[in-house]
Amino acid sequence: MLSYLLRRLGFLVGSLFLASVVLFLLLRLLPGDPANSLLSVGATPEQIAAARHQIGSDRPLPEQFGHWLHQLVTFDLGNSFISSLPVGPEITSRLNVTVPLTLLAFLLAVVVAVPVGYAAALRANTRLGTLLSGVSQLGIAVPVFWVGMLLITVFALRLGVLPAGGFPQDGWAEPGEALRSLALPVITVALVMSASLIRYVRSAALDVLGSDYLRTARALGSSFTRAMWRHGLRNGAVPVISVLGIELATTLLGAVVVETVFALPGLGSMLAQAVAQHDYPVVQGVLFVSTFAVLVIGFLSDLAQRLVDPRLRGHLASGRRGAKS
């Protein structure tokens, strides 16, 4: 297991390096000159040259990339071209909105999807099972921004029980107000995410219900509940854990849509604004942090699968023995 962890950590570091190369090159291929965002309309060539020198875009690309790598190694994401403020602290403050939004929506989606998906599998040939499957398919087809606008119309504009958007100026100084501000965004993301998760939970549960080992356990005298708990839970959890990791990473990356709908000062809105202004340090910083988070989520998901399923650990051990022989 230690050898596997070391290999995975090496893969994580290598992936981060490749991500830094791709981010750096892709941003330089975008149309537009970042120096123009520092200047007003009608700037002279001398002023444009001075702005390029100020932000370092006039230096050779290898030198710019070396500077970018040095910043990453020293945990310094640079300063914004527009505000001249450090990017790192600004990203941290935006994560105070995006991370709670993502985690709360993820937990709510899991709480909804697991029992509903299991019920859809258990009643697969009944009207209830068909209804649950149909509702999940409908939830997948509905865009997340449409769900958000619908919830705003019902709960904010008509009922007036929850705010339509925004976030408290003091952040989490008043947890109650902060949670009220995140209530509709969390429900919006959770509804869309749970619709997708229900399908995977249902599929995994159907595989378990039709398995030979479950029928054998029942034949040996175990009750259905006991057989599912002892034999079905782990086997059904392995593919679901992988999907959960993907859904969590997708939600984190897709926060820009929900944050735009609800006017939340999160990481997604920060990225959208930085792209519009050609603010390279902010764009690089946000995308690098997001990539790092996605890779860590994938690493933890893979590790959880191996902890849940002993067969995967056995596969690693047999692979090492085969390599030695």
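One can find the structure itself at the top, above this paragraph.
Now for a description of the structure that goes with this document. (Residues numbered from 1 in each chain as written. Predicted model: local features only at pLDDT ≥ 70, side-chain atom pairs only at ≥ 80, totals over all residues. Heavy atoms only, no water.)

1. Concerning the overall build of the chain
Okay, step 1: Of the regular secondary structure elements, the chain holds 13 helices and 0 strands.
Okay, step 2: If you line up the chain on its principal axes, its C-alpha atoms span 85 × 70 × 35 Å.
Okay, step 3: Out of the 325 residues in the chain, the part that is buried amounts to 38%.
Okay, step 4: Counting contacts in the chain only where the partners sit at least 6 residues apart, residues at least 24 apart contribute 71% of the total.
Okay, step 5: If you sum the accessible surface of the chain, you get close to 18000 Å²; carbon and sulfur atoms cover 67% of it.
Okay, step 6: Charged side chains of the chain number 23 positive and 16 negative; the gap between the two group centres comes to 22 Å. (Helix = DSSP H or I, 4+ residues; strand = E, 2+ residues; numbered from the N terminus. Buried < 20%, exposed > 50% of the residue type's maximum accessible area, 1.4 Å probe, protein only. Contact = heavy atoms within 4.5 Å. Areas by Shrake-Rupley, 256 points an atom, 1.4 Å probe, with all protein chains shown as cover. Lys, Arg positive; Asp, Glu negative; His and termini not counted. Charge placed at Lys NZ, Arg CZ, Asp CG, Glu CD.)

2. Some details on the nonpolar core
Okay, step 1: Counting residues in each nonpolar core, the largest one holds 34 residues, and the members touching the most others are Leu182, Leu184, Leu197 and Leu264.
Okay, step 2: At the level of elements, α4 (87-122), α6 (144-158), α7 (175-209) and α9 (224-253) are the ones that each hand at least two residues to this core.
Okay, step 3: For this core, the leading source of residues is α7, giving 12 residues.
Okay, step 4: Those residues in contact with Leu184, other than ones at most four positions away along the chain, are Leu151, Ile152, Phe155, Ala156, Leu162, Pro163 and Phe262.
Okay, step 5: Residues Phe24, Ala35, Val87 and Val286 belong to the second largest nonpolar core, which totals 24 residues. (Core = buried A, V, L, I, M, F, W, Y, C linked by side-chain atoms within 4.5 Å.)

3. A look at the pattern of salt bridges
Okay, step 1: As enumerated under the stated definition, the model contains 3 salt bridges in all.
Okay, step 2: Notably, a salt bridge pairs Glu90 with Arg94, separated by 3.0 Å at the nearest N-O pair. Linking Glu90 with Arg94, this pair stays in helix α4, spanning 4 residues, or about one helical turn.
Okay, step 3: The partly exposed category is assigned to Glu90, whose relative accessible area is 30%.
Okay, step 4: The partner of Arg180 in a salt bridge is Glu177, and the shortest N-O contact between them spans 3.8 Å. Taken as a pair, Arg180 and Glu177 lie in helix α7 at a separation of 3 residues, close to a single helical turn. (Salt bridge = Lys/Arg side-chain N within 4 Å of Asp/Glu carboxyl O.)

4. Looking at the packing of helix α11 (residues 267-276) against helix α12 (residues 280-308)
Okay, step 1: It is the contact of α11 with α12, at a shortest axis distance of 9 Å, that shows an interaxial angle of 145°. Both α11 and α12 take part in a crossing whose hand is left-handed. Residue-level inspection shows Leu267, Met270, Leu271, Ala274 and Val275 of α11 in contact with α12, the latter providing Val282, Val283, Val286, Leu287 and Ser290.
Okay, step 2: Residue composition of the contact of α11 with α12, by class: 9 nonpolar, 1 polar and no charged. (Axes fitted to C-alpha atoms, helices over the stretch in contact; angles between N-to-C directions. Left-handed = near helix turned anticlockwise from the far one by under 90°. Nonpolar A, V, L, I, M, F, W, Y, C, P; charged D, E, K, R; others polar.)

5. Describing the packing of aromatic side chains
Okay, step 1: Taken as a whole and judged by the stated rule, the model has 5 aromatic pairs.
Okay, step 2: Taking the centre distance of 6.5 Å and the plane angle of 70° together, the rings of Phe17 and Phe65 count as edge-to-face. Highlighted residues: Phe17 in helix α1 (residues 2-29) and Phe65 in helix α3 (residues 61-73), separated in sequence by 48 residues.
Okay, step 3: Ring centres of Trp68 and Phe288 lie 6.1 Å apart, and the angle between their planes is 85°; on these two criteria the pair is classed as edge-to-face. Here Trp68, found in helix α3, pairs with Phe288, found in helix α12; they are 220 residues apart in sequence, far enough to count as distant. The burial state of Trp68 is the same as that of Phe288; both residues are buried.
Okay, step 4: Among the aromatic residues, ring-to-ring pairing joins Phe17, Phe24 and Phe65 into one connected group. (Phe/Tyr/Trp six-rings, centres within 6.5 Å; stacked < 30°, edge-to-face > 60°.)

6. Points about helix α5 (residues 127-141)
Okay, step 1: The first and last C-alpha atoms of α5 sit 21 Å apart over 15 residues, in line with the 21 Å expected at 1.5 Å per residue.
Okay, step 2: Taken together, the buried positions of α5 are Gly129, Leu132, Ser133, Ser136 and Gly139. Buried residues along α5 cover an arc of 120° about the axis, so they all sit on one side. Exposed and oriented more than 90 degrees from the buried face of α5 are Arg127, Thr130, Leu131, Leu138 and Ala141.
Okay, step 3: Its buried side turned inward, α5 meets α4 and α7. (Expected span 1.5 Å × (residues − 1). Arc of directions from axis to C-beta.)

7. Remarks on the packing of α1 against α3
Okay, step 1: With their axes 11 Å apart at the nearest point, α1 and α3 run at an angle of 135° to one another. Relative to α3, the element α1 is oriented oblique. The element α1 and its partner α3 pack so that their crossing is right-handed. The residues of α3 that touch α1, namely those facing Phe17, Ser20, Val21, Phe24 and Arg28, are Leu61, Gln64, Phe65, Trp68, Leu69 and Leu72.
Okay, step 2: Across the contact of α1 with α3, the residue classes break down as 8 nonpolar, 2 polar and 1 charged. (Parallel < 35°, antiparallel > 145°, perpendicular 65-115°, else oblique.)

8. Some thoughts on unusual backbone geometry
Okay, step 1: The phi torsion at Phe75 lies on the positive side, around 55°, for a residue other than glycine.
Okay, step 2: Topologically, Phe75 is positioned in the loop between α3 and α4.
Okay, step 3: In this structure, Ala263 takes a positive phi of about 50° despite not being glycine.
Okay, step 4: In this fold, Ala263 is placed in the loop between α10 (255-261) and α11.
Okay, step 5: Ala263 gets classed as exposed once you look at its relative accessible area, which sits at 53%.

Just geometry here; none of it tells us what the structure is for.
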